[in-house]
Each structure stands twice: as C-alpha cells, then as structure tokens.
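Report on the structure
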Amino acid sequence: MRKMMAVLSLVFGLVLVAGCSKPPQQAIDSANASIDAAKQAGAADYAPDSLRAVDDAKAALDAELKVQQDKFALFRSYKKSDELAADVKAKADKAAADAKANMEQAKNDATAAIGNVTTALADAKAALDKAPKGKGTAADIEAMKADLAAAEASLNDANAALSSGNYKDAKAKADAAASTIQNVMSQIQAAIDAKAGKK
Amino acid sequence: MAGGTPIVPSAVPPGSRSASPALVLWIAGAFSPTFLGAMSRRFSGFRTFVARWRWRLFALVFCVTLLGCAAGLVWPIAAGYTEAPLYDKGRAWDALEDARRAAASRWAPDVQREAESAMRVALAAYRREEVRLLPFRDFRPVRSALAAAEDKARRAQAEGNRGRLDAKARADEALAGGEMEVARGTEVGEAMHLGPYTRTLLQKSKIALREAKAIHARGDFPEAQRRAEQAAAQARAVSKHAVDAASRYAEPSLVARWRRMIDETIRWSRSSGGTAIVVLKENHRLDVYDDGRVVRSYRADMGYRSVNDKLASGDAATPEGRYRITHKKPGSAYYKALALDYPNSEDRARFAQMKRRGQIPRGVGPGGLIEIHGDGGRGKDWTRGCVAISNRDIDDLFRRVGVGTPVTIVGGDGQGRFARLVREHGASTSGTQ
C-alpha cells in the first residue's frame, strides 16, 4: 500500500511539474532585446521589409503565448512559443544586420558623393582663379563665383545631413551641387578654349 | 379511474364559499396515508415494469445519450466548423502584403494600422482554435475575423494608393511650379546681370529643384514637394528682385522723359542738320541720327548692371543723360573709343545730393572714363559702364562723328527687354515677399 502511495505521489508530482510549464521568458526577453537593437540600428528606415517580418513573427509569438495562457495550467505547452521566440530573434537579428548594411551603403554613397563634390568644388575654385581674365570677364567671373557659392552652400547642407545621419538627403544635395559645379567648369573651359582659339 | 376509489379525497365541498380551509384540507388529504396508499397501488404496475425492463431501459438511455454525444461531437466536423480556413487566411495575408507593398503604412497609416491590428486579432483567434481538440474547434468566428482583416487590408491598399497618388500629384504640381519659377528666374537672370546674392539665390533654387527631382524619383513625394516649393520660392524672390530693379523701365513718367530726351535729340539733329547719337540701354541699340533721320543702328553692349542708372564709380552701370564726345581715341585698349563727358554737371549735382543723404559710401566718386568703344557686339552686357559696339561698327561710327557730337543715353523707349520683363513678370511676382 505504501509503495502504491509513493508511486501515485511520484506520478502526481510529475504531472504537476509537466502541467505547470512556464513561458520561455529568457527566449522572449532575448527576442525583445533583438527587436530593440534592430530598431536602434535604423531598421525602420534602412530595412523596413525585414522589420515588418519581425513584427509579423512577434505577433505570432504573442498570439501563441496568449493561447497557452488561456489554457488550463496542466495543458499548457510552450514548446511552440520557444520556437517562435527563436524565430523572432533570428528575424530581428537579420533586420538589424540588414539595416546596418544598408545604412553603411548609404553612408558610403553619401560620403563618396560629398568627397567628389568637395574635390570638384576645390578644382572649380582653382580653375576660376586661373581662368583667363580680360575685357568684360568681371561679370562672368562674378556670376560663376555666385554659382559656386550656391554649390558650396548645398555642399555644406549635404555635410550637415551626413553628420546627422540623413545619408539619402546628403547624397541628393551633393549630387544636385555637382551639376552646378560641372556647369561652371564647362564655362571656364569654354573661356580657356576661346582664348586658346584667339591665339 | 372511473368506478374506483377516488385518489384525491373530495375535501372541498362543492359550493363552499370559503376556499381557504378546503384547500388546507385538500393538501392534507394529498399527503395522507390513504392517498399515498392509493398512489402506491396505482403505480405498482409501473414499478413492476421498471423492475422487469431496467437493464433494457438503462441500455436504451445509454445508447440515446451516446448517440447524442456522438452527434454533438461529429456534427461540427461534418458541418465543417472545425476545418481551418487556410484559404481565407491566405487571402487575408495576400491582401495585407498588397497593402504593405503599396506603402499603405505611409500613405494611409490609420487604415493600415487597423488592418494590421485586425489581422493579428484574426491570427490569434486562428491559433486559439487550432490548439483545441478537433470536435471543439469552431473556425466560424475566425473566418469572419479573417474576412474583416482582408477587407480592411484591401481598404488600406486602396486608400494607400489614393494617398500616394494624391501626394505624387501634389509633388508633380509643385515640381511643375518650381520648374516654371526657376525658368522665369533664369530668364530674368539672362535679361539682366544679377548681383551676387540674387545670382546665388537663383543657383540655389536650381539646386533645390534638382534635389526635389531626385527625391521625387525615390518616391518621397512630400519631401520632393517641400523642396520644389522651396525652389519655387527662391526663384520667385529672384524674379521679384529683378522685376523691382527693372520696374523703372516701365515707369510712365520716366519713359516719357526718356522719349522726350530722344525727341529733343532728333529735333536738334533735324534743325541743325548735325549728327547725334542715341543709346537705348534696354534695347541694346546705338542709333546714329543725321539730319533728324536714323542713318545707322548698331547692336551695343552696356555695363553689366545697366538695369540701374550710374550713380558712382565701380557700379558697372551705364549712365543715363545728355553727353558729348570729348575726344576720339583711335588707339584704345578696346580697339577704338569715343570718350564722353561723364560726369556732366547734372551727374555731379545728383552725386553730391546722394552723398549728402548718405546713399553713397565715403571714398567713392562719381566715376568716369565712360566711352563708346569697340570689342563689343557680344550680345550681352559686360562693360563697366561703357557702350561697346563691334570693331567694324566703331570704325563706321568713327567716320561719322566728331568731338562735340551729342550723345543721349536713355534707359529705353518703354518697349525694351526690361519694360517687357516688368510687364510679363510684374503681376506674377507682385504677391511674393
């Protein structure tokens, strides 16, 4: 009789332990931390599709947790929740990686564009200083200087956008300024060619 | 019951007026041993029946219950309530993905948020049913929830598309407006030499417009619209500045004065039979009158800020007034030149008055060395205040004029490029700040 009682107690205890399983809190916390990291990495701007996949996976996890919580304690099973939490974490990590990669790409593009425009502006200023000056060139030189001043202002705006992490705008501003500088360079070249032609 | 012992004693005498004691008696009779005995006898047959058939009855009740339970369990399955609405789920997902691809979260954020929320609710309900035991599943509410989510997603997509198209239309309109204003600013910039600030502003407007186009191409319509509007505002400011500067060319009293000066010069030429020169700044024209008739008309370039009258040295404006040729320079840095007596007494008086008013900085004089010279005919204003014609024309003019020949320089006759600029752009820029 005692043996039977012991066996029954053991079985009851096992059922109790199995029935009172708890949500995979560590996996959920880890997934949430990964989501925060992805958002901080700028996934909303630089990897919106990946972030949306994270949101969907998180919604599935929340639904699963709710389902299990609504069940009678002995029937709860968090195995699927654990899998879903791992899926959320994996997707959030991917979103963070995508955002970082895309942001780095945008940053590199903007930096390269600004670098090119900075060089072009310096070249244009130097060329303007050395441009042939003669009768009636004062007005043209004044106009070209004004054009370069506008390009320089746009370049400054591009640098400010780059510093504030707004890489797409930084590139757009730099590209827009590049065209003006190129136009000034063309005018200087035309003046040089005209002078050479006269000789 | 007919002919037997009455089951219920007739305790209530017929016609009795007082029902209450009779009722008490009736109740007492119902539970009396007589009544119970009678009842026992009456149902003894039933007891016998139950005793004889009890196992069969039990089996019957058991089977009926079992069948009822089975029917209760099988019916939802047979009716399809337990069948997971996979197709509905797929449709709802597709609708949501379509809305996402249409960037509904950007162009119709509230509706898209509703759709996302409805989808999550539906999926949670789906999962809740999914984990139930088969007979207890009921996916009918899930189907409704999925249908609602799909509807909302389709609405989000439609409104997103509409919002995007509206934003695009506004951006397109702003870009078109920006293009127009920048073209107008460029046109006035070509009609007159703009000062450094205005020229920089015009160039900034061009840069902003290019930027707006690039932003438009990447689909950020509100930002493209903002930049295009900024470009338009800058270009409008340029046009306004230019129109303000040129406005005196359309001022009736000044135009009348210029016409009077021209007429007087022509009259003098006619009456004296002499040669006179009339320079119309805004028309880029130098006319030679002989005996009151135009005998030559040359294309002339002016000072690059000739929209203004000359006030002081270094302002690059061609003076307006009545002058004379003081001497002829056959050997000039600009091929050949005819020197004028600028500043004349009238110019000096005006300069002194402006200086007194503080309108001219200290250390600045009225300027001088204003000539009609060669190296011109370039089709643009480039001199520092002189009138430049081509070398062939100066050769011709040199032969026709001499020292003392009157030279009348006026802004124009009210029909030149500045007057036209004011007429064409004056109204459109008058509202700008």
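For the structure, check the block above.
The following paragraphs examine the structure supplied in this document. (Residues numbered from 1 in each chain as written. Chains lettered and ligands numbered in written order. Predicted model: local features only at pLDDT ≥ 70, side-chain atom pairs only at ≥ 80, totals over all residues. Heavy atoms only, no water.)

For the rest of this paragraph, the subject is the overall build of chain B. Along its length, chain B carries 12 helices and eight strands. A compact globule built from 433 residues should have a C-alpha radius of gyration of about 22 Å, whereas chain B, at 53 Å, is more than 25% larger. Dimensions of chain B along its principal axes, counting C-alpha atoms only, are 165 × 55 × 40 Å. Across chain B, the fraction of contacts at a sequence separation of at least 24, relative to all contacts at a separation of at least 6, is 67%. Counting 71 positive and 48 negative side-chain charges, chain B places the centres of these two groups 8 Å from one another. (Helix = DSSP H or I, 4+ residues; strand = E, 2+ residues; numbered from the N terminus. Rg over C-alpha atoms; globule rule 2.2 N^0.38 Å. Contact = heavy atoms within 4.5 Å. Lys, Arg positive; Asp, Glu negative; His and termini not counted. Charge placed at Lys NZ, Arg CZ, Asp CG, Glu CD.)

So, on to the interface of chain B and chain A. With 34 residues of chain B at the interface, the matching set in chain A holds 32 residues. The three residues of chain B that bury the most area against chain A are Arg100(B), Arg127(B) and Ile207(B), which together make up 19% of that side's buried surface. Remark: the boundary between chain B and chain A carries seven salt bridges. A salt bridge links Arg199(B) to Asp147(A), with the shortest nitrogen-to-oxygen separation between them at 2.8 Å. (Buried area = accessible area lost by both parts, 1.4 Å probe. Salt bridge = Lys/Arg side-chain N within 4 Å of Asp/Glu carboxyl O.)

Another point: the environment of Ser272(B). Residues and elements named next belong to chain B. Take Ser-272: it is sitting in helix α9 (residues 252-272). Sequence separation between Ser-272 and Pro-330 is 58 residues; the distance between their C-alpha atoms is 27 Å. From its side chain, Ser-272 meets the backbone oxygen of Trp-268 in a polar contact 2.7 Å long. (Polar contact = N/O pair within 3.5 Å; in protein donor to acceptor, adjacent residues only side chain to side chain.)

Before going further, it helps to examine the side chain of Asn344(B). All names here are of chain B. One can find Asn-344 in the loop between β5 (335-340) and α10 (345-357). What makes Asn-344 buried here is its relative accessible area of 13%. Here Asp-347 takes part through its backbone nitrogen, which lies 2.8 Å from a polar atom of the side chain of Asn-344. Beyond its immediate chain neighbours, meaning those up to four positions away, Asn-344 contacts Arg-322 and Tyr-323. (Buried < 20%, exposed > 50% of the residue type's maximum accessible area, 1.4 Å probe, protein only.)

Tallied over the entire structure, the rule returns 11 aromatic pairs over all chains. Here the aromatic rings of Tyr323(B) and Tyr342(B) are separated by 6.1 Å at their centres, their planes lie at 65 degrees, and the arrangement is edge-to-face. Placement of the pair is Tyr323(B) in strand β4 (residues 321-332) and Tyr342(B) in the loop between β5 and α10, with a sequence separation of 19 residues. Here the aromatic cluster, defined as three or more aromatic residues joined through ring pairs, consists of Trp55(B), Phe58(B) and Phe62(B). Note that Lys168(A) overlies the ring of Tyr46(A), its terminal NZ or CZ placed 5.5 Å from the centroid. (Phe/Tyr/Trp six-rings, centres within 6.5 Å; stacked < 30°, edge-to-face > 60°. Lys NZ or Arg CZ within 6 Å of the ring centre and 35° of its normal.)

The next point concerns the packing of helix α6 (residues 140-191) of chain B against helix α7 (residues 196-217) of chain B. Packed helices, taken two at a time, are described by the angle their axes make and the gap between the axes. All names here are of chain B. Here α6 crosses α7 at 155 degrees, and the two axes come no closer than 10 Å. The angle between α6 and α7 places the two elements in the roughly antiparallel class. Along this stretch, α6 crosses α7, giving a crossing that reads as left-handed. Judged by residue contacts, Lys-168, Ala-171, Asp-172, Leu-175, Gly-178, Glu-179, Val-182, Gly-185 and Thr-186 of α6 engage Leu-202, Ser-205, Lys-206, Leu-209, Ala-212, Lys-213 and His-216 from α7. Broken down by class, the residue content of the contact of α6 with α7 amounts to six nonpolar, five polar and five charged. (Axes fitted to C-alpha atoms, helices over the stretch in contact; angles between N-to-C directions. Parallel < 35°, antiparallel > 145°, perpendicular 65-115°, else oblique. Left-handed = near helix turned anticlockwise from the far one by under 90°. Nonpolar A, V, L, I, M, F, W, Y, C, P; charged D, E, K, R; others polar.)

With that out of the way, let us pick up the pattern of salt bridges. Taken as a whole, this structure holds 49 salt bridges over all chains when the rule is applied. In this structure, Arg155(B) engages Glu114(B) in a salt bridge whose closest nitrogen and oxygen atoms are separated by 3.3 Å. Of this pair, Arg155(B) sits in helix α6 while Glu114(B) is found in helix α5 (residues 109-130), placing the two residues 41 residues apart along the sequence. A relative accessible area of 37% places Arg155(B) in the partly exposed class. Lys329(B) is the salt-bridge partner of Glu371(B), the closest N and O atoms lying 2.2 Å from each other. Note that Glu371(B) is positioned in strand β6 (residues 371-373) and Lys329(B) in strand β4, a separation of 42 residues in sequence. Residue classification places Glu371(B) among the buried residues on the basis of a relative accessible area of 7%. Owing to a relative accessible area of 23%, Lys329(B) belongs among the partly exposed residues under this scheme. Linked by salt bridges that have partners in common, Asp56(A), Glu97(B), Arg100(B) and Glu116(B) make up one network.

Attention now moves to the pairing of β4(B). All names here are of chain B. As paired strands, β4 and strand β8 (residues 406-410) are joined by four bridges and run antiparallel to one another. Residue pairing for β8: Gly-321 is matched across the bridge by Ile-409. Pairing analysis gives five bridges linking β4 to β5, with the strands arranged antiparallel. Note that in β5 the partner of His-327 across the bridge is Ala-339. (Pairing = 2+ DSSP bridges.)

Residue and element names in this part refer to chain B. Looking at the secondary structure, you find Asp-290 in strand β2 (residues 285-290). Judged by relative accessible area, which is 28%, Asp-290 ranks as partly exposed. In this structure the C-alpha to C-alpha distance between Asp-290 and Tyr-335, which are 45 residues apart in sequence, comes to 25 Å.

Attention now goes to a nonpolar patch on the surface. Together, Phe43(B), Phe46(B), Phe49(B), Val50(B), Trp53(B), Leu57(B), Leu60(B) and Val64(B) line one region of the surface with nonpolar side chains, adding up to about 720 Å² of accessible area. Looking at where Val64(B) falls in the secondary structure, it is placed in helix α2 (residues 33-79). (Patch = residues over 30% accessible without salt bridge, like charges linked within 9 Å, V, L, I, M, F, W, Y side chains within 5 Å. Areas by Shrake-Rupley, 256 points an atom, 1.4 Å probe, with all protein chains shown as cover.)

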